[in-house]
Amino acid sequence: MCQHLNPCPPADATDREAALIIATFREQGWSLLCNGVIIFEDTGELLPDGTMIEPHRGPAVHALAA
């Protein structure tokens, strides 16, 4: 799917989120990556095969200071 000179990671790779954003809909809270993955602002993902990845956001930065 990716047509970049240095291909982006495929949707099934562990680093799939490193693919380039080709469309973003900030008002709706999601972006489409060139590998077909849809990423959501809550860090959830929807893979091209329909697999859902639960949000995997780490602790808030202010929580780490405590």
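The rules behind the values
- What you see as residue numbers is a count from 1 along each chain, following the sequence as written.
- Thresholds applied to this predicted model are a pLDDT of at least 70 for local features of residues and 80 or more for the giving and counting of side-chain atom pairs; totals over whole chains, interfaces and linings are not thresholded and use all residues.
- The basis for every side-chain value is the complete set of non-hydrogen atoms in the structure, without hydrogens or water.
- Put simply, DSSP marks the helices as runs of H or I at least four residues long and the strands as runs of E at least two long, and each gets a number from the N terminus on.
- Each residue is assigned to one of three classes by its accessible area relative to the maximum for its type, calculated with a 1.4 Å probe on protein chains only: buried under 20%, partly exposed between the two thresholds, exposed over 50%.
- Any two residues whose heavy atoms approach within 4.5 Å are treated as being in contact.
- Accessible surface is estimated by sampling points in the Shrake-Rupley manner with a 1.4 Å probe; for residues, cover comes only from the protein chains shown.
- The pairing criterion for strands is at least two bridges between them, as found by DSSP.
- Here a salt bridge means any side-chain nitrogen of Lys or Arg lying within 4 Å of a carboxyl oxygen belonging to Asp or Glu.
- Count a disulfide wherever a pair of cysteine sulfur atoms falls within 2.5 Å.

J.: Just checking my understanding: could you explain the overall build of the chain for this structure?
T.: Regarding its fold elements, the chain presents one helix and five strands. Burial analysis of the chain (66 residues in total) assigns 24% to the buried set. Put simply, of all contacts in the chain between residues at least 6 apart along the chain, 20% involve residues at least 24 apart. A total of about 5000 Å² of accessible surface is found on the chain, and carbon and sulfur atoms cover 60% of it.

J.: What should I look at first to understand the sheet that holds strand 2 (residues 30–33) in this one?
T.: Neighbouring strands of a sheet are bound in pairs by backbone hydrogen bonds; such pairs are parallel or else antiparallel. Judged by pairing direction, the sheet is antiparallel, and its five strands sit side by side in the order 1-2-3-4-5 without closing on themselves. Only two strands of the sheet have a single neighbouring strand rather than two, namely strand 1 (21–25) and strand 5 (52–53). Where strand 4 (residues 45–46) lies against strand 5, two bridges are found, and the strand directions are antiparallel. In the strand pairing of strand 5, glutamate 45 is matched with isoleucine 53.

J.: Looking at this model, I keep getting lost on the pattern of salt bridges. Mind explaining?
T.: Pairing between side chains of opposite charge can happen when their charged atoms approach one another. This model, assessed by the stated rule, comprises one salt bridge. With a shortest N-O distance of 2.7 Å, arginine 16 and glutamate 45 are connected by a salt bridge. Of this pair, arginine 16 sits in the segment before strand 1 while glutamate 45 sits in strand 4, placing them 29 residues apart in sequence. By relative accessible area, arginine 16 is classed as buried at 15%.

J.: Mind showing me how you'd approach the pairing of strand 1 here?
T.: One face of the sheet, then the other: side chains in a regular strand alternate in exactly this way. With four bridges joining them, strand 1 and strand 2 adopt antiparallel strand pairing. Of the residues in strand 2, the one forming a bridge with phenylalanine 25 is tryptophan 30. Two successive antiparallel strands, strand 1 and strand 2, enclose a turn made up of four residues, where glycine 29 displays a positive phi of approximately 85°.

J.: Would you explain the state of the cysteines in this entry?
T.: Formally, a disulfide is one covalent bond, and it connects the sulfur atom of one cysteine to the sulfur atom of another. Enumeration over the complete set of coordinates arrives at zero disulfides. Of all cysteine sulfurs in the structure, the one in cysteine 34 sits closest to cysteine 8, which takes part in no disulfide; the separation is 3.2 Å.

J.: Whenever I open this one, the environment of alanine 19 confuses me. Can you help?
T.: The topology assignment puts alanine 19 in the segment before strand 1. For alanine 19, a relative accessible area of 6% puts it in the buried group. Once the C-alpha coordinates of alanine 19 and leucine 32 are considered, the two residues, 13 residues apart in sequence, prove to be 9.5 Å apart.

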